[in-house]
Amino acid sequence: MNEFNIYSYDKYIVSFSGGKDSTACFLYLLDQGIPKDRIELWHQDIDGRESVFFDWEVTPDYCRKFAEAFGVQIYFQWKEGGFKREMLRENSLTAPICFELPDNTIQKVGGTRGNPSTRLKFPQSSPDLKVRWCSAYLKIDVCSSAIRNQERFNNIRTLVLSGERGEESPQRAKYNILEPDRSDLRNSKTRPRYVDRHRPIRDWKEEQVWEIIERYRVRAHPCYYMGWGRCSCKFCIFGNKNQFASAAFISPELTEEIIEFEKVFGCTMKRTTDLRTLIDSGTPYQHITQQLKELSASYDYNLPVILPDGEEWILPSGAYGEMCGPS
Ligand code: SF4
């Protein structure tokens, strides 16, 4: 690979979950002086456009308001029916992938080929993406498919940035900081598509992440102020007892639905315990106020993402806390 020059790309896509690490990736680009009109935030919506099941209700709107606050473009991508439809797949094909286009229309691809198969179980908390199917099916494939199926990425150089950090897991510590993205097609004679994947904060410590967020005066996703150390799905399969007890406290009805699915499937999400037992053994985080609880369960994020002058930036209670999330 030639020497890396961050300024040599036409387009910068930040894989943006709304969490602290993808926020840091975006702010890092601003620090480098990359023009905002060449940056796009891409958010893969775990639950699709149907009713929320596994993720935070507020996350899509937090991401939208974040983009608005910084004056950058945001595009959403999702698998039709989201997490729930994929989980309930029974002798059927995986659903089509949908993504927003610059002309405000939505394109739909896939979902017509392959072999029918059955899941009827939660993803298993494993680094192996075959059994932890949520990351592969709802994020990774969705993102690369949206690049592959948009001609606007042909004949230009695109850099996709994502916020994995080595501190989070030994697997992530081994990820390359730069490599061709899985959507790359640079050697095509007819329609070359040059796409690199960049993980600029792989070696950052959590302190550096909060430092850049503070410097840009960003109000983080509400989950951090309630005690979450990572902004993954509300019911992330990697959550520990306290995280699940907190999610159950915030969303009791969805929790009951998820517990019921464990019974229907005859297969628990965790290998060693069922969710009811796990939740009963945990303690909800102490910083879950009524206001934060309502904000996190709202479809409308109604606070300024960039703190107004005079408002003090406060380190969220979840910072440097429990690090349970995808490995
Ligand atoms: S955050 Fe957790 S549950 Fe959500 S897609 Fe990632 S690994 Fe799966």
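You'll find the structure just up there.
Residues numbered from 1 in each chain as written. Predicted model: local features only at pLDDT ≥ 70, side-chain atom pairs only at ≥ 80, totals over all residues. Heavy atoms only, no water.

Caption draft 1: The pairing of strand β6 (residues 157-161), seen in detail. Taking burial as the measure, the 5 residues of β6 include 4 buried ones, the bulk of the element. Pairing of strand β1 (residues 11-15) with β6 involves 4 bridges; the strand directions are parallel. Looking at the pairing, Lys11 lines up with Thr158 of β6. (Buried < 20%, exposed > 50% of the residue type's maximum accessible area, 1.4 Å probe, protein only. Helix = DSSP H or I, 4+ residues; strand = E, 2+ residues; numbered from the N terminus. Pairing = 2+ DSSP bridges.)

Caption draft 2: Geometry of the site of the ligand. For the ligand, the set of nearby residues contains 11 residues, the closest of which are Cys134, Lys139, Ser232, Cys233 and Cys236. Tallied by class, residues from the shell around the ligand come to 8 nonpolar, 2 polar and 1 charged. (Near = heavy atom within 4 Å. Nonpolar A, V, L, I, M, F, W, Y, C, P; charged D, E, K, R; others polar.)

Caption draft 3: Local environment of the sheet that holds strand β8 (residues 194-198). Overall, mixed pairing links the 8 strands, which are arranged β5-β4-β3-β2-β1-β6-β8-β7 in an open sheet. The sheet is open, and its two edges are formed by β5 (106-109) and β7 (178-180), each paired on a single side. Geometrically, the sheet is characterised by an average inter-axis angle of 25° between neighbouring strands, direction not taken into account. As defined by bridge partners, β1 adjoins strand β2 (residues 39-45) across 4 bridges and the pair is classed as parallel. (Axes fitted to C-alpha atoms, helices over the stretch in contact; angles between N-to-C directions.)

Caption draft 4: View of helix α9 (residues 252-265). Its 14 residues place the ends of α9 20 Å apart at the C-alpha level, agreeing with the 20 Å of an ideal helix rising 1.5 Å per residue. Inspection of α9 places Leu254, Thr255, Ile258, Ile259, Phe261, Glu262 and Phe265 among the buried residues, and these make up the whole buried set. One side of α9 holds all its buried residues, which, seen down the axis, span an arc of 150°. Counted as exposed and oriented over 90 degrees from the buried face of α9: Glu253, Lys263 and Val264. (Expected span 1.5 Å × (residues − 1). Arc of directions from axis to C-beta.)

Caption draft 5: Geometry of the state of the cysteines. Under the criterion given, the structure shown has 0 disulfides. Here Cys63 is not disulfide-linked; the sulfur of Cys231 is the nearest cysteine sulfur, at 7.7 Å. Given the relative accessible area of 0%, Cys63 is considered buried. (Disulfide = S-S within 2.5 Å.)

Caption draft 6: Just the environment of Glu256, in detail. Turning to its location among the elements, Glu256 is positioned in helix α9. A residue is classified by how much of its surface remains accessible, and Glu256, at 38% relative accessible area, is partly exposed.

Caption draft 7: Region of interest: the packing of helix α1 (residues 20-31) against helix α6 (residues 206-215). Orientation of α1 relative to α6, taken along the N-to-C sense of each, is 60°, at an axis distance of 9 Å. Overall, the two elements α1 and α6 adopt an arrangement that is oblique. The chirality of how α1 crosses α6 is left-handed. From α1, Lys20, Asp21, Thr23, Ala24, Leu27, Tyr28 and Asp31 reach across to α6, where they touch Glu206, Val209, Trp210, Ile212, Ile213 and Arg215. Partitioning the contact of α1 with α6 into residue classes produces 7 nonpolar, 1 polar and 5 charged. (Parallel < 35°, antiparallel > 145°, perpendicular 65-115°, else oblique. Left-handed = near helix turned anticlockwise from the far one by under 90°. Contact = heavy atoms within 4.5 Å.)

Caption draft 8: Representation of the nonpolar core within the structure. Counting 80 residues, the largest nonpolar core has Phe26, Phe54 and Phe83 as the members making the most contacts within it. Top contributing element to this core by residue count: α1, with 7 residues. In contact with Phe54, not counting residues within four places along its chain, are Asp47, Phe83, Phe122, Cys233, Lys234, Phe235, Cys236, Ile237, Ile258 and Met269. With 14 residues, the next largest nonpolar core counts Ile13, Ala146, Phe153 and Val160 among its residues. (Core = buried A, V, L, I, M, F, W, Y, C linked by side-chain atoms within 4.5 Å.)

Caption draft 9: α6, seen in detail. Restricting attention to buried positions, one finds in α6 the residues Glu206, Val209, Trp210, Ile212 and Ile213. Each buried residue of α6 sits inside an arc of 160° when the element is viewed along its axis, so together they form one side. Lining the buried residues of α6 we find α1 and α7 (222-226). Note on α6: the residue one or two positions beyond its end, Arg217, has a positive phi of about 55°.

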